[in-house]
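# Close look at the chain arrangement
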Amino acid sequence: HYFALPTNPGEQFFMFCTLAAWLITKAGHPFEQPQEYDDPNAIISNVLSELRSFGRPVDFPPSKLKAGYGEQACYVLDCLAEEALKYTGFSWKRPAYPTEELEEEEITEDDAELTLNKLEEDVAEEESDNEENFIDLNVLKAQTYRSDMNDSAKHEEILQSTIDAAEWNLEVERVLPQLKVTVRTDNKDWRIHVDQMHQHKDGIESSLKETRGYLDKLHNEISRTLEKINSREKYINNQLEHLVQEYRSAQALLSEAKEKYQEGSGGVTERIRVLSEITEVLERVKQETEEKGSSMTDGAPLVKIKQALTKLKQETIQMDIQIGVMEHTLLQSKLKEKSNMTRDMHATMISEAAIGAY
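Residues numbered from 1 in each chain as written. Predicted model: local features only at pLDDT ≥ 70, side-chain atom pairs only at ≥ 80, totals over all residues. Heavy atoms only, no water.

For helix α2 (residues 40-53), spanning 14 residues, the distance from its first C-alpha to its last is 20 Å, which sits close to the expected 20 Å at 1.5 Å a residue. Among the residues of α2, Ile43, Ile44, Val47, Leu48, Glu50 and Leu51 are the ones counted as buried. Along the axis of α2, the buried positions cluster into a sector of 160°, meaning they face one direction only. Tucked into the core, α2 has its buried residues touching α1 (9-26) and α3 (71-88). Just downstream of α2, Gly55 is the residue with a positive phi angle, here 85°. (Helix = DSSP H or I, 4+ residues; strand = E, 2+ residues; numbered from the N terminus. Expected span 1.5 Å × (residues − 1). Buried < 20%, exposed > 50% of the residue type's maximum accessible area, 1.4 Å probe, protein only. Arc of directions from axis to C-beta. Contact = heavy atoms within 4.5 Å.)

This is how it looks when you write it as structure tokens:
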């Protein structure tokens, strides 16, 4: 209720910021307590950012919280309080109603007051005493009847009252409170409940009369306000009828334009898709053409062939040299073998001639 009605905007805003910071801290997010001279826009933005971090929707402008009261302030505090209770693990329990025992009212007995039971007992005792006295009077009646006339004159003098009336009244007022008879009440007696029902009924009827007057006055004010609103609404509708028609026609044109735009956008999308396919094919053809052109104008294979021929020539020269060396070596070996055979033959011939001479 403090944040629902405007009382002191500055104080309410500071209390709202302080309470929101405390609830955010209780919910597990550390939040600095705002000071009285801090920037209100910064404080509100920080509080709303924390509220969004809890997953709570914020569909109102931050300026609504600058007043410190209203529906938005109560909504923010309610959400933060729920998050704080969730974080602390609070759970509602079933209410435990206290058992009320009906206690009988204790009535203090005053010695000066008489109860109904005591009164009945005293009356019964007095009747019994009167009976006994009546019997005694009957016995004594004959004796008193024979008394002297002087005694009767003496009794007549005693019967005459000599007390002042004012003193008698004072004595009556003094003794009257002591002659009060009280009846012990029982809370279970249906008569008491009936009396209470009548009292409550009278109270309800008296309150209803006063309340009905306020309600009738409020009903009349609300009826007048509704009539004013209806008349203002009719006046505004009559004044803005041509604007409403223009708005409807503009809305119809807008819907037609949207349909045309959707149709056109559908055709554009199809054409964009075809264009992308053609572009891909063109890129592929360009790449193949570039590869073929580079292969036709490139002299690297010819250079490789020339290098291969040069290498073959070098290898051929090396092979020819190796062949010549091999032939020379073979010729030398043949000549050496031939010379050895010739020397062997000459040696054999000389040995045979010497043997023949002997």
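A few words now on the confidence of the model for the chain. Averaged over every residue, the pLDDT of the chain is 79; residues scoring 70 or more account for 78%. Averaged over each element, pLDDT in the chain is lowest for strand β1 (residues 114-115) (47) and highest for helix α7 (residues 190-239) (90). Taken together, the stretch residues 104-116 has pLDDT below 50 and engages in 18 contacts with residues farther than four places along the chain or on a different chain. Across residues 127-140, where pLDDT falls below 50, the model places 0 contacts with residues more than four positions away in sequence or in other chains. (pLDDT = per-residue confidence, 0-100.)

The subject of this paragraph is the packing of aromatic side chains. Under the criterion given, the structure shown has 3 aromatic pairs. Summarising the aromatic geometry, the rings of Phe3 and Phe16 are spaced 6.5 Å apart at their centres and angled 70° between planes, so their arrangement reads as edge-to-face. Of this pair, Phe3 sits in the segment before α1 while Phe16 sits in helix α1, and the two are 13 residues apart along the sequence. Each of the two residues, Phe3 as well as Phe16, counts as buried. Aromatic side chains Phe60 and Tyr75 sit 6.3 Å apart centroid to centroid with 85° between the ring planes, which places their arrangement in the edge-to-face category. (Phe/Tyr/Trp six-rings, centres within 6.5 Å; stacked < 30°, edge-to-face > 60°.)

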